[in-house]
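# Secondary and tertiary structure notes
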Amino acid sequence: WLMLLPFYTVFTAYIKGLINVLWTFCKISYWKNLCVSPYSDLSKMIWCIKYTAGFLTLLLMSLYWDDFNQNFSITISMSRETHGQVFSEINGGWAMIAYCFATTQSIEGSIKKGILRMLGTIAGGFFGWLALVACEDSGFESGFNSYGLGAWLTITTAIAVYSATNRGFLARLGLSGDYNYGPIYFVITEVVVVFYCELYFGPEGRHDVAINRTVSNLVGIAVAILFAVIPPSIWGGNPAHCREIVEGIEDRAGEYLNILLQASTSDDASFETTSTDLMTKKDLDLAAGIRLHELSKDLLDDASRLSKAPLLRTDTGALSLELALIARDVYVVSFVGILASRILSKESVRRLALEDDAIRAKLESYAKMFVNRNSRDTLPEYNDESSPVLGVDLEEGDDDETKEAKLLVELFLRLLRMIQQRVKAHHNALDGIKWGYTFRVTPPKEVVEASTVE
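Residues numbered from 1 in each chain as written. Predicted model: local features only at pLDDT ≥ 70, side-chain atom pairs only at ≥ 80, totals over all residues. Heavy atoms only, no water.

This model, assessed by the stated rule, comprises two cavities of 30 Å³ or more. Considered as a void within the structure, the largest cavity measures approximately 120 Å³ in volume. Lining the largest cavity we find 15 residues, and of these W47, K50, T103, F227 and A228 sit closest to its centre. Broken down by secondary-structure element, the contributors of at least two residues to the lining of the largest cavity are α3 (42-64), α7 (107-134) and α10 (206-229). Classifying every residue of the lining of the largest cavity gives eight nonpolar, six polar and one charged. (1 Å grid on protein atoms, 1.4 Å probe; cavity = no way out; pocket = protein on both sides within 12 Å on 5 of 7 lines; lining within 4 Å. Points joined across faces, edges and corners; volume = space filled by probe spheres on them. Helix = DSSP H or I, 4+ residues; strand = E, 2+ residues; numbered from the N terminus. Nonpolar A, V, L, I, M, F, W, Y, C, P; charged D, E, K, R; others polar.)

This next bit is on a nonpolar patch on the surface. A surface patch of nonpolar side chains, about 620 Å² in accessible area, is lined by F11, Y14, I15, L18, I19 and L22. Assignment of secondary structure puts F11 in helix α1 (residues 5-25). Classification of F11 as exposed rests on a relative accessible area of 54%. (Patch = residues over 30% accessible without salt bridge, like charges linked within 9 Å, V, L, I, M, F, W, Y side chains within 5 Å. Areas by Shrake-Rupley, 256 points an atom, 1.4 Å probe, with all protein chains shown as cover. Salt bridge = Lys/Arg side-chain N within 4 Å of Asp/Glu carboxyl O. Buried < 20%, exposed > 50% of the residue type's maximum accessible area, 1.4 Å probe, protein only.)

Let us look at the nonpolar core. Formed by 46 residues in total, the largest nonpolar core has its most connected members in L363, F412, L416 and I419. Residue assignment for this core shows that the elements contributing at least two residues are α11 (240-262), α12 (268-303), α13 (316-332), α14 (334-345), α15 (347-355), α16 (357-371) and α18 (400-431). In terms of residue count, the dominant contributor to this core is α18 (ten residues). Contact partners of L363, with chain neighbours within four places excluded, come to L257, L260, L261, A353, F412, L413 and L416. (Core = buried A, V, L, I, M, F, W, Y, C linked by side-chain atoms within 4.5 Å. Contact = heavy atoms within 4.5 Å.)

This part takes up the packing of aromatic side chains. Taken as a whole, this structure holds twelve aromatic pairs when the rule is applied. Taking 5.7 Å as the distance between ring centres and 90 degrees as the angle between the ring planes, the aromatic pair formed by F126 and F127 counts as edge-to-face. A ring pair is formed by W235 and W435, whose centres lie 5.7 Å apart and whose planes are at 70 degrees; its orientation type is edge-to-face. Here W235, found in the loop between α10 and α11, pairs with W435, found in strand β1 (residues 434-435); they are 200 residues apart in sequence, far enough to count as distant. (Phe/Tyr/Trp six-rings, centres within 6.5 Å; stacked < 30°, edge-to-face > 60°.)

Turning to the side chain of D329, a few remarks are in order. Among the secondary structure elements, D329 is positioned in helix α13. Using a relative accessible area of 4% as the deciding quantity, one classes D329 as buried. In terms of polar contacts, D329 uses its side chain to reach the side chain of R422, at 2.8 Å. With sequence-adjacent residues up to four places away left out, D329 is seen in contact with I249, R422 and H426. (Polar contact = N/O pair within 3.5 Å; in protein donor to acceptor, adjacent residues only side chain to side chain.)

Attention now moves to the packing of helix α6 (residues 94-102) against α7. Contact pair α6 / α7: the axes reach a minimum separation of 9 Å and the direction vectors enclose 130 degrees. In terms of axis orientation, α6 runs oblique to α7. Residue-level contacts link I97, A98, F101 and A102 of α6 to S110, K113 and R117 of α7. Across the contact of α6 with α7, the residue classes break down as four nonpolar, one polar and two charged. (Axes fitted to C-alpha atoms, helices over the stretch in contact; angles between N-to-C directions. Parallel < 35°, antiparallel > 145°, perpendicular 65-115°, else oblique.)

The residue L306 is not glycine, and still its phi comes out positive at about 55 degrees. As for its placement among the helices and strands, L306 is situated in the loop between α12 and α13. With phi around 55 degrees, R373 is a residue other than glycine that occupies positive phi space. Its relative accessible area of 34% is what places R373 among the partly exposed residues.

This paragraph deals with the confidence of the model for the protein chain. Residues with a pLDDT of 70 or more make up 81% of the protein chain, whose mean pLDDT is 81. Long-range and interchain partners of residues 446-454, a stretch whose pLDDT sits below 50, account for two contacts in this model, where long-range means more than four residues apart. (pLDDT = per-residue confidence, 0-100.)

Below, the discussion takes up the side chain of H427. With respect to the secondary-structure elements, H427 resides in helix α18. Not counting residues within four places of it along the chain, the set of residues in contact with H427 comprises R243, V246, E247, E250 and R376.

Turning next to the pattern of salt bridges. Enumeration according to the criterion identifies 18 salt bridges in this entry. In this structure, the salt-bridge partner of R422 is D329, at a minimum N-O distance of 2.8 Å. With R422 in helix α18 and D329 in helix α13, this residue pair connects regions lying 93 residues apart in the sequence. One salt-bridge network, in which partners are shared between bridges, spans R252, E255, K281 and D285.

Let us look at α6. Among all positions in α6, only W94, A95, A98, Y99 and A102 are buried. On an axial view of α6, the arc spanned by its buried residues comes to 140 degrees, and they lie on one face. (Arc of directions from axis to C-beta.)

Turning our attention to α11. For an α-helix, 3.6 residues make a turn, and residues three or four places apart therefore share a direction. When the terminal C-alpha atoms of α11 are compared, their 32 Å separation across 23 residues agrees well with the 33 Å that a helix rising 1.5 Å per residue should span. Most of α11 is tucked away, with 17 of its 23 residues classed as buried. (Expected span 1.5 Å × (residues − 1).)

Written as structure tokens, this is what we have:
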């Protein structure tokens, strides 16, 4: 029974996941949030619909298009009791398998992976057929020289793996993420063609197997590219993914400040509760920011393969740098929640931050700026490094508690100014990122609005 436990766990996990997905569709909140930022799942839902439509297209072609279905069946006659008959009947399924593995999360990745898989499939089908021709030997039961096929596959696989391996120290990290799909599918296609014929179809089936395997894969890949191009599509090189994280950083900072400012009207008993709630919210926001950053990085990595291609290029260097800097600031903004929690938990700090008119005015101006996402349009005083942050300085008569309160509030205000400056820098850098079919720059919103008014 213990030996079956891993299989039982995997099977039940799959069932539970499927039930959770179906239950999500039954929730009214899911449908309401489809178009509500930042919980919008509309683009993900559209991608799933397109992905399913591609499968449905290939399935209907296999079931109801006789010419397509008949041309993707092995033409040699075999009895139904043999394994060959089974493989013959499902041969058209190669198109759906190819479609499944050629589709990625971004339009650039789907097209580039499709091109690499096409090249690898054509080359693998040809070399597999060539191996069957060169190693045909009636002296063996299968009709092929097994030793010759083994030597052929060993040599060609080694060459393919070597061509897809990084050079220098990076070779220790495995195959190149830039163009590895070409050699990988070369090896897969060649091995499938060779072993199908050696194990099931024999010398008389090599032409059908090689052609059917190659063409059916090309059909599936072509459908994957077609549905990737059909809008709306997800562009991995689009800086909008990073901009969404940056706007989230502003939103989190504004929310922490509003909670802090609104707590000033509470009684003493509720300060500790609000402080704890701030820490909980900080943890949840940090986890959400990390997940969104990982998704953006995955999209960029997927879109950046085949970097030397003249089309569908990505501004990998600039966008990767911004992603790294944004990841840093996802963690930095969480300290706003931490410091706000500490301010509420200590009476001396709370009194200075919330009851001093000058400091409270600064906090309210920062909160308004972050909530309205106006960090990139701030007044020069926010960007002047020499401008004072606090209106009060440390004095000789201050006790340790007062000094600690002043230093903590000083640190808090400097952190807010740093976040504002970094958010503005991120927006300026993202405005210059190139992406898309024509490798263009996305114009800032104010330029688009101005041209529209004119």
